[in-house]
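Here is what each chain is made of, one letter per residue.
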Amino acid sequence: MTAANGIRLVLFGPPGAGKGTQAQLLKESLGIEHVSSGDLFRHHLSNGTELGELARGYMSRGELVPDEVTIGMVIDRIGGIADSAGFMLDGFPRNTAQAQALETALLERGQRLDRVVHIQVENGELIRRLSNRYICRVCQRPYARDADTGAPPKKCADCPDGGDIYQREDDTEGAVVNRLSVYHQETAPVLEFYRQRGLLADVSGEQTIDAVHHSVLRILNVSELGAVSKS
Ligand code: AP5
Ligand code: MG
Ligand code: ZN
């Protein structure tokens, strides 16, 4: 048994599968770093950086941002994480070239992934979730509209000053349809890459948020106390 905080995993799944939602819970359970390529791009966008300006058009159309900028951005972020610390990637890799670049970068550090968790949800449910999804402008935590009132929360429960809640620009109907199509054409083939390496584990994302979390912990062989077996 080794410490859970050393685990390295990918949270894989289509837009709206619950990658960000599960990442928040896993961060609390395992204490590992959350690296979301989408959150990194949105951070650049809100800071008006050159990279953010470059990404803006691709993101609003629901297309992939080119590998030349995406791979460097994520690998740099991973490079800032201590060797002994674990991390979970969310939204990366999204094509086979990114998966290969990640494998190479990790091998250069003498590391490899421990598991790729594939969260499965059907298209109809994804569209329903994304049209109800709001996020915090500060920490990017996702929220859903209240089932009874139909209203989104006004402020983030996690941010000390209560970050503002807003709807993402790429959660419009046109962009969502395109994101799903890009996922099935360009991203889903990465599943085979990881299946061949024996890393892939499927989990149904069509359970309650807590039930998905417990399924993921079971897959990772992690007890509630945070011990993990990497055997
Ligand atoms: P990114 O930010 O990665 O978006 P995405 O992959 O489209 O995924 P989402 O964030 O929309 O969904 P999620 O799985 O995190 O679901 P969430 O937890 O929020 O990417 C955005 C864009 O950036 C891309 O389109 C691209 O342009 C660019 N980009 C990013 N990475 C890139 C890369 N590697 N290469 C190139 N370009 C890249 O949940 C959704 C909703 O459902 C929430 O309201 C939540 O409360 C609710 N929910 C979650 N789980 C459940 C459940 N079990 N039951 C009911 N409701 C649930
Ligand atoms: Mg997300
Ligand atoms: Zn917040």
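Below is a short write-up of the structure. (Residues numbered from 1 in each chain as written. Chains lettered and ligands numbered in written order. Predicted model: local features only at pLDDT ≥ 70, side-chain atom pairs only at ≥ 80, totals over all residues. Heavy atoms only, no water.)

Quick word on the environment of Ile71
Phase 1 of the analysis: Examined against the element boundaries, Ile71 turns out to sit in helix 4 (residues 67-79).
Phase 2 of the analysis: The buried category is assigned to Ile71, whose relative accessible area is 19%.
Phase 3 of the analysis: Each C-alpha atom of the pair Ile71 and Val177 lies 24 Å from the other, and the pair is 106 residues apart in sequence.
Phase 4 of the analysis: When sequence neighbours within four positions are dropped, the list of residues in contact with Ile71 reads Phe92, Ala97, Gln98 and Ala101. (Helix = DSSP H or I, 4+ residues; strand = E, 2+ residues; numbered from the N terminus. Buried < 20%, exposed > 50% of the residue type's maximum accessible area, 1.4 Å probe, protein only. Contact = heavy atoms within 4.5 Å.)

Notes on the site of ligand 1
Phase 1 of the analysis: Near ligand 1, the surroundings consist of 34 residues, among which Thr21, Glu63, Arg94, Arg133 and Arg179 are the closest.
Phase 2 of the analysis: In this structure, Gly91 approaches ligand 1 through a main-chain N or O atom, which is 2.9 Å from a nitrogen atom.
Phase 3 of the analysis: Against a free-state accessible area of 1,000 Å², the protein chains account for coverage of 93% of ligand 1.
Phase 4 of the analysis: Sorting elements by how many residues they give to the shell around ligand 1 places helix 2 (residues 37-46) first, with four residues.
Phase 5 of the analysis: Class assignment for the residues of the shell around ligand 1 results in 13 nonpolar, twelve polar and nine charged. (Near = heavy atom within 4 Å. Polar contact = N/O pair within 3.5 Å; in protein donor to acceptor, adjacent residues only side chain to side chain. Areas by Shrake-Rupley, 256 points an atom, 1.4 Å probe, with all protein chains shown as cover. Nonpolar A, V, L, I, M, F, W, Y, C, P; charged D, E, K, R; others polar.)

So, the coordination of the zinc ion (ligand 3)
Phase 1 of the analysis: Only Cys136 (SG), Cys139 (SG), Cys156 (SG) and Cys159 (SG) from the protein reach the zinc ion (ligand 3) as donors, at distances of 2.3 Å.
Phase 2 of the analysis: Around the zinc ion (ligand 3), the four donor atoms are arranged such that angles at the metal cover 107 to 116°; this shape is classified as tetrahedral. (Donors = N, O, S within 2.8 Å, 3.2 Å for Na, K, Ca; no water. Tetrahedral: all angles 85-135°; square planar, octahedral: opposite > 155°, others 65-115°.)

A short note on the packing of helix 2 against helix 4
Phase 1 of the analysis: Where helix 2 contacts helix 4, the two axes come as close as 11 Å, and the packing angle between them is 105°. As the angle between them shows, helix 2 and helix 4 are arranged roughly perpendicular. Packed against helix 2, whose contacting residues are Ser37, Leu40, Phe41 and His44, the element helix 4 presents Thr70, Met73, Val74 and Arg77 at the interface.
Phase 2 of the analysis: Split by residue class, the contact of helix 2 with helix 4 holds four nonpolar, three polar and one charged. (Axes fitted to C-alpha atoms, helices over the stretch in contact; angles between N-to-C directions. Parallel < 35°, antiparallel > 145°, perpendicular 65-115°, else oblique.)

A few points about the nonpolar core
Phase 1 of the analysis: Counting residues in each nonpolar core, the largest one holds 28 residues, and the members touching the most others are Leu89, Leu102, Leu113, Val116 and Tyr194.
Phase 2 of the analysis: If we ignore the near neighbours within four places in the chain, the residues touching Leu89 are Leu9, Val10, Leu11, Val35, Val74, Ile78 and Leu102.
Phase 3 of the analysis: Membership of the second largest hydrophobic core comes to 24 residues, among which are Ile7, Ile32, Val121 and Leu130. (Core = buried A, V, L, I, M, F, W, Y, C linked by side-chain atoms within 4.5 Å.)

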